[in-house]
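Architecture and fold: a report
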Amino acid sequence: MKKSARKAIIAGNWKMNKTATEAAQLIDELIPAVAGADCEVVICTPFTSLVTAVEKTKGTNIHVGAENVHFEKSGAFTGEISADMLVDLGVEYVITGHSERRQYFAETDETVNKRTKAALEAGLKVIVCVGESLAQREQGVTEELVRMQTKIALQGVTAEEMSRVIIAYEPVWAIGTGRTATADQAQEVCVAIRKVIGELYGEVVAEATTVQYGGSMNAKNADELLGKLDVDGGLIGGASLKAPDFGAIVAAASK
Ligand code: 13P
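Summary of the structure given here. (Residues numbered from 1 in each chain as written. Predicted model: local features only at pLDDT ≥ 70, side-chain atom pairs only at ≥ 80, totals over all residues. Heavy atoms only, no water.)

As for the overall build of the protein
Looking only at helices and strands, the protein has 11 helices and 8 strands in total. Taken across its 255 residues, the protein has 53% of its residues classed as buried. A separation threshold of at least 6 residues defines the contact pool for the protein, and within that pool the share at least 24 residues apart is 72%. In the form shown here, the protein has an accessible surface area of approximately 11000 Å², with 54% of it arising from carbon and sulfur atoms. Distance between charge centroids for the protein: 1 Å, based on 26 positive and 34 negative side chains. (Helix = DSSP H or I, 4+ residues; strand = E, 2+ residues; numbered from the N terminus. Buried < 20%, exposed > 50% of the residue type's maximum accessible area, 1.4 Å probe, protein only. Contact = heavy atoms within 4.5 Å. Areas by Shrake-Rupley, 256 points an atom, 1.4 Å probe, with all protein chains shown as cover. Lys, Arg positive; Asp, Glu negative; His and termini not counted. Charge placed at Lys NZ, Arg CZ, Asp CG, Glu CD.)

As C-alpha coordinates, this is what we get:
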(Lines give C-alpha, C1' and ligand atoms only; values in the text may rest on other atoms or scores of the structure.)
Protein backbone atom coordinates (compact mmCIF):
# COMPACT_ATOMS: atom_id res chain seq x y z
CA MET A 1 0.00 0.00 0.00
CA LYS A 2 1.33 3.39 -0.96
CA LYS A 3 -0.73 6.52 -0.78
CA SER A 4 1.62 8.52 -2.88
CA ALA A 5 0.29 11.95 -1.97
CA ARG A 6 0.98 11.73 1.71
CA LYS A 7 3.25 10.34 4.34
CA ALA A 8 2.20 7.22 6.23
CA ILE A 9 3.07 7.62 9.89
CA ILE A 10 3.09 4.87 12.47
CA ALA A 11 3.37 6.38 15.93
CA GLY A 12 3.59 4.53 19.22
CA ASN A 13 1.90 6.12 22.19
CA TRP A 14 3.54 4.51 25.17
CA LYS A 15 1.17 6.24 27.63
CA MET A 16 2.33 5.87 31.28
CA ASN A 17 4.53 2.85 30.63
CA LYS A 18 8.25 2.14 30.90
CA THR A 19 10.85 3.65 33.18
CA ALA A 20 13.76 5.28 31.38
CA THR A 21 15.76 2.09 31.96
CA GLU A 22 13.01 -0.05 30.44
CA ALA A 23 12.60 2.45 27.60
CA ALA A 24 16.26 2.02 26.68
CA GLN A 25 15.76 -1.74 26.47
CA LEU A 26 12.62 -1.44 24.34
CA ILE A 27 14.30 1.03 21.96
CA ASP A 28 17.20 -1.41 21.52
CA GLU A 29 14.62 -3.95 20.33
CA LEU A 30 12.66 -1.45 18.23
CA ILE A 31 15.63 -0.17 16.21
CA PRO A 32 16.18 -3.40 14.25
CA ALA A 33 12.43 -4.16 14.16
CA VAL A 34 11.64 -0.99 12.17
CA ALA A 35 14.94 -0.44 10.35
CA GLY A 36 13.49 -1.32 6.94
CA ALA A 37 10.44 0.94 7.21
CA ASP A 38 9.06 2.76 4.21
CA CYS A 39 6.97 5.04 6.41
CA GLU A 40 7.64 7.53 9.19
CA VAL A 41 8.16 5.83 12.55
CA VAL A 42 7.54 7.77 15.77
CA ILE A 43 7.64 6.77 19.43
CA CYS A 44 5.87 9.03 21.91
CA THR A 45 7.21 8.32 25.36
CA PRO A 46 6.62 9.64 28.88
CA PHE A 47 8.56 12.84 29.61
CA THR A 48 10.99 10.92 31.80
CA SER A 49 12.14 8.75 28.86
CA LEU A 50 12.50 11.50 26.26
CA VAL A 51 16.21 12.19 26.83
CA THR A 52 16.97 8.47 26.60
CA ALA A 53 14.78 8.10 23.52
CA VAL A 54 16.37 11.05 21.69
CA GLU A 55 19.89 9.84 22.50
CA LYS A 56 19.28 6.21 21.59
CA THR A 57 17.47 6.91 18.31
CA LYS A 58 20.13 9.29 16.91
CA GLY A 59 21.16 8.02 13.49
CA THR A 60 18.14 5.69 13.22
CA ASN A 61 14.82 6.12 11.40
CA ILE A 62 12.89 6.48 14.67
CA HIS A 63 11.53 9.92 15.54
CA VAL A 64 10.66 10.90 19.09
CA GLY A 65 7.52 12.55 20.42
CA ALA A 66 6.01 13.58 23.74
CA GLU A 67 2.52 12.69 24.91
CA ASN A 68 1.44 16.15 26.03
CA VAL A 69 2.62 19.77 26.19
CA HIS A 70 1.52 22.85 28.09
CA PHE A 71 0.38 25.91 26.17
CA GLU A 72 2.19 28.62 28.12
CA LYS A 73 5.81 29.34 27.26
CA SER A 74 7.00 29.38 30.89
CA GLY A 75 5.92 30.46 34.34
CA ALA A 76 4.13 29.30 37.45
CA PHE A 77 2.59 26.07 36.14
CA THR A 78 3.89 23.46 38.56
CA GLY A 79 4.34 20.07 36.97
CA GLU A 80 3.90 21.23 33.38
CA ILE A 81 6.27 21.00 30.39
CA SER A 82 6.52 23.67 27.68
CA ALA A 83 6.97 23.20 23.95
CA ASP A 84 10.38 24.92 24.07
CA MET A 85 11.52 22.41 26.69
CA LEU A 86 10.63 19.57 24.31
CA VAL A 87 12.31 21.21 21.32
CA ASP A 88 15.44 21.82 23.37
CA LEU A 89 15.67 18.08 24.11
CA GLY A 90 15.49 17.23 20.41
CA VAL A 91 11.88 16.07 20.53
CA GLU A 92 10.13 16.36 17.17
CA TYR A 93 6.49 15.36 17.74
CA VAL A 94 3.83 15.80 20.39
CA ILE A 95 0.36 14.34 20.89
CA THR A 96 -2.46 16.71 21.81
CA GLY A 97 -6.06 15.98 22.72
CA HIS A 98 -5.73 12.30 23.53
CA SER A 99 -9.04 11.03 24.87
CA GLU A 100 -7.36 9.93 28.11
CA ARG A 101 -6.28 13.55 28.66
CA ARG A 102 -9.79 14.73 27.83
CA GLN A 103 -11.37 12.12 30.12
CA TYR A 104 -9.05 12.10 33.15
CA PHE A 105 -7.38 15.52 33.04
CA ALA A 106 -10.23 17.80 32.00
CA GLU A 107 -8.83 18.65 28.58
CA THR A 108 -11.30 20.58 26.48
CA ASP A 109 -11.39 21.37 22.78
CA GLU A 110 -10.16 24.85 23.73
CA THR A 111 -7.10 23.65 25.65
CA VAL A 112 -6.35 21.14 22.90
CA ASN A 113 -6.35 24.09 20.49
CA LYS A 114 -4.05 26.12 22.75
CA ARG A 115 -1.61 23.22 23.13
CA THR A 116 -1.65 22.54 19.41
CA LYS A 117 -0.90 26.17 18.56
CA ALA A 118 1.85 26.46 21.18
CA ALA A 119 3.50 23.28 19.89
CA LEU A 120 3.33 24.44 16.27
CA GLU A 121 4.76 27.85 17.18
CA ALA A 122 7.72 26.11 18.81
CA GLY A 123 8.33 24.09 15.64
CA LEU A 124 6.95 20.72 16.76
CA LYS A 125 4.89 18.35 14.64
CA VAL A 126 1.55 17.70 16.31
CA ILE A 127 -0.61 14.59 16.38
CA VAL A 128 -4.08 15.91 17.24
CA CYS A 129 -6.44 13.21 18.54
CA VAL A 130 -10.18 13.28 17.94
CA GLY A 131 -12.82 10.61 18.39
CA GLU A 132 -16.26 9.79 19.72
CA SER A 133 -17.36 7.83 22.78
CA LEU A 134 -19.53 4.74 22.45
CA ALA A 135 -22.60 6.74 23.53
CA GLN A 136 -21.90 9.36 20.87
CA ARG A 137 -21.51 6.68 18.18
CA GLU A 138 -24.79 5.12 19.28
CA GLN A 139 -26.46 8.52 19.20
CA GLY A 140 -25.34 8.88 15.58
CA VAL A 141 -23.27 12.03 16.16
CA THR A 142 -19.81 10.66 15.35
CA GLU A 143 -19.27 12.79 12.29
CA GLU A 144 -20.58 16.01 13.86
CA LEU A 145 -18.50 15.44 16.97
CA VAL A 146 -15.28 14.66 15.11
CA ARG A 147 -15.84 17.62 12.78
CA MET A 148 -16.30 19.91 15.77
CA GLN A 149 -13.23 18.58 17.61
CA THR A 150 -11.12 18.97 14.47
CA LYS A 151 -12.36 22.48 13.73
CA ILE A 152 -11.81 23.77 17.26
CA ALA A 153 -8.39 22.09 17.59
CA LEU A 154 -7.27 23.84 14.40
CA GLN A 155 -8.59 27.36 15.18
CA GLY A 156 -5.83 29.82 14.30
CA VAL A 157 -3.59 27.16 12.72
CA THR A 158 -2.33 28.38 9.34
CA ALA A 159 -2.33 26.42 6.08
CA GLU A 160 1.48 26.47 6.20
CA GLU A 161 1.46 25.00 9.71
CA MET A 162 -0.86 22.21 8.54
CA SER A 163 2.18 20.52 6.96
CA ARG A 164 3.19 19.74 10.57
CA VAL A 165 -0.26 18.57 11.73
CA ILE A 166 -1.40 14.96 11.78
CA ILE A 167 -4.94 14.08 12.82
CA ALA A 168 -5.46 10.80 14.66
CA TYR A 169 -8.98 9.40 14.64
CA GLU A 170 -9.29 7.42 17.85
CA PRO A 171 -12.77 6.19 18.72
CA VAL A 172 -12.78 6.13 22.52
CA TRP A 173 -14.62 2.79 22.60
CA ALA A 174 -11.79 1.14 20.67
CA ILE A 175 -8.93 2.31 22.88
CA GLY A 176 -7.38 -0.41 24.99
CA THR A 177 -10.52 -2.50 24.65
CA GLY A 178 -9.43 -4.92 21.95
CA ARG A 179 -12.52 -3.74 20.10
CA THR A 180 -11.22 -2.23 16.87
CA ALA A 181 -13.25 -0.08 14.52
CA THR A 182 -13.85 -1.94 11.29
CA ALA A 183 -11.71 -0.81 8.40
CA ASP A 184 -14.84 0.70 6.82
CA GLN A 185 -15.70 2.62 9.99
CA ALA A 186 -12.14 3.95 10.21
CA GLN A 187 -12.16 4.93 6.54
CA GLU A 188 -15.53 6.66 6.84
CA VAL A 189 -14.44 8.91 9.70
CA CYS A 190 -10.98 9.57 8.21
CA VAL A 191 -12.78 10.77 5.06
CA ALA A 192 -14.99 13.05 7.18
CA ILE A 193 -11.88 14.51 8.83
CA ARG A 194 -10.21 15.09 5.46
CA LYS A 195 -13.40 16.77 4.27
CA VAL A 196 -13.43 19.24 7.16
CA ILE A 197 -9.73 20.00 6.55
CA GLY A 198 -10.66 20.66 2.92
CA GLU A 199 -13.37 23.08 4.00
CA LEU A 200 -10.93 24.92 6.23
CA TYR A 201 -7.77 24.88 4.10
CA GLY A 202 -8.70 23.69 0.61
CA GLU A 203 -8.21 20.45 -1.28
CA VAL A 204 -4.44 20.58 -1.62
CA VAL A 205 -3.89 20.76 2.14
CA ALA A 206 -6.59 18.14 2.78
CA GLU A 207 -5.01 15.69 0.36
CA ALA A 208 -1.57 16.24 1.86
CA THR A 209 -2.59 15.81 5.51
CA THR A 210 -1.85 12.53 7.25
CA VAL A 211 -4.94 11.13 8.99
CA GLN A 212 -4.23 8.18 11.26
CA TYR A 213 -6.44 5.61 12.93
CA GLY A 214 -5.88 4.57 16.54
CA GLY A 215 -7.66 2.11 18.83
CA SER A 216 -6.58 -1.50 19.35
CA MET A 217 -4.57 -1.52 16.14
CA ASN A 218 -2.30 -4.53 16.22
CA ALA A 219 -0.11 -6.80 14.13
CA LYS A 220 -3.16 -8.77 12.96
CA ASN A 221 -5.58 -6.02 11.93
CA ALA A 222 -3.09 -3.38 10.74
CA ASP A 223 -3.02 -4.60 7.15
CA GLU A 224 -6.75 -4.22 6.67
CA LEU A 225 -7.03 -0.85 8.42
CA LEU A 226 -3.99 0.61 6.66
CA GLY A 227 -5.24 -0.75 3.34
CA LYS A 228 -7.99 1.87 3.34
CA LEU A 229 -7.35 4.85 1.09
CA ASP A 230 -7.79 7.54 3.73
CA VAL A 231 -6.16 5.75 6.67
CA ASP A 232 -2.61 7.05 6.42
CA GLY A 233 -1.11 5.39 9.43
CA GLY A 234 -1.76 4.48 13.01
CA LEU A 235 -1.44 5.71 16.57
CA ILE A 236 -0.66 2.58 18.51
CA GLY A 237 -1.00 2.07 22.26
CA GLY A 238 -0.56 -1.43 23.67
CA ALA A 239 1.06 -2.95 20.59
CA SER A 240 3.73 -0.23 20.51
CA LEU A 241 5.22 -1.67 23.70
CA LYS A 242 6.17 -4.93 22.01
CA ALA A 243 8.90 -4.61 19.38
CA PRO A 244 7.76 -7.51 17.16
CA ASP A 245 4.16 -6.23 17.10
CA PHE A 246 5.15 -2.63 16.43
CA GLY A 247 7.56 -3.86 13.76
CA ALA A 248 4.74 -5.80 12.08
CA ILE A 249 2.48 -2.72 12.02
CA VAL A 250 5.31 -0.63 10.56
CA ALA A 251 5.82 -3.34 7.92
CA ALA A 252 2.11 -3.26 7.07
CA ALA A 253 2.30 0.52 6.55
CA SER A 254 5.38 0.12 4.37
CA LYS A 255 3.69 -2.06 1.76
P1 13P B 1 -4.52 0.95 22.12
O2 13P B 1 -3.76 0.66 20.84
O3 13P B 1 -3.90 0.35 23.33
O4 13P B 1 -5.97 0.66 21.97
O5 13P B 1 -4.40 2.54 22.34
C6 13P B 1 -4.70 3.38 21.30
C7 13P B 1 -4.32 4.76 21.71
O8 13P B 1 -4.94 5.34 22.56
C9 13P B 1 -3.17 5.37 21.05
O10 13P B 1 -3.09 6.71 21.35
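That shown, we press on.
Focus: the site of the ligand
As a matter of local geometry, the ligand sits amid Asn13, Lys15, His98, Glu170, Ala174, Ile175, Gly176, Gly215, Ser216, Leu235, Gly237 and Gly238. Between the ligand and the protein, one listed contact pairs an oxygen atom with a backbone N or O atom of glycine 237 at 2.9 Å. Here the shell around the ligand is built from residues that sort into 3 nonpolar, 7 polar and 2 charged. (Near = heavy atom within 4 Å. Polar contact = N/O pair within 3.5 Å; in protein donor to acceptor, adjacent residues only side chain to side chain. Nonpolar A, V, L, I, M, F, W, Y, C, P; charged D, E, K, R; others polar.)

Looking at the nonpolar core
Counting residues in hydrophobic clusters, the biggest one holds 64 residues, and the most contacted among them are Ile10, Ile43, Ile193, Tyr213, Leu226 and Phe246. Counting residues per element, this core draws most heavily on helix H8 (residues 183–201), at 7 residues. Core analysis: the next-biggest nonpolar cluster, separate from the first, contains 11 residues, Ala11, Cys44, Ile166 and Ala168 among them. (Core = buried A, V, L, I, M, F, W, Y, C linked by side-chain atoms within 4.5 Å.)

So, H8
With 19 residues, H8 extends 26 Å from end C-alpha to end C-alpha; this agrees with the ideal 27 Å at 1.5 Å per step. Of the residues making up H8, those classed as buried are Ala183, Ala186, Gln187, Val189, Cys190, Ala192, Ile193, Arg194, Val196, Ile197, Gly198 and Tyr201. Phi turns positive, to about 95°, at glycine 202, one or two residues after H8. (Expected span 1.5 Å × (residues − 1).)

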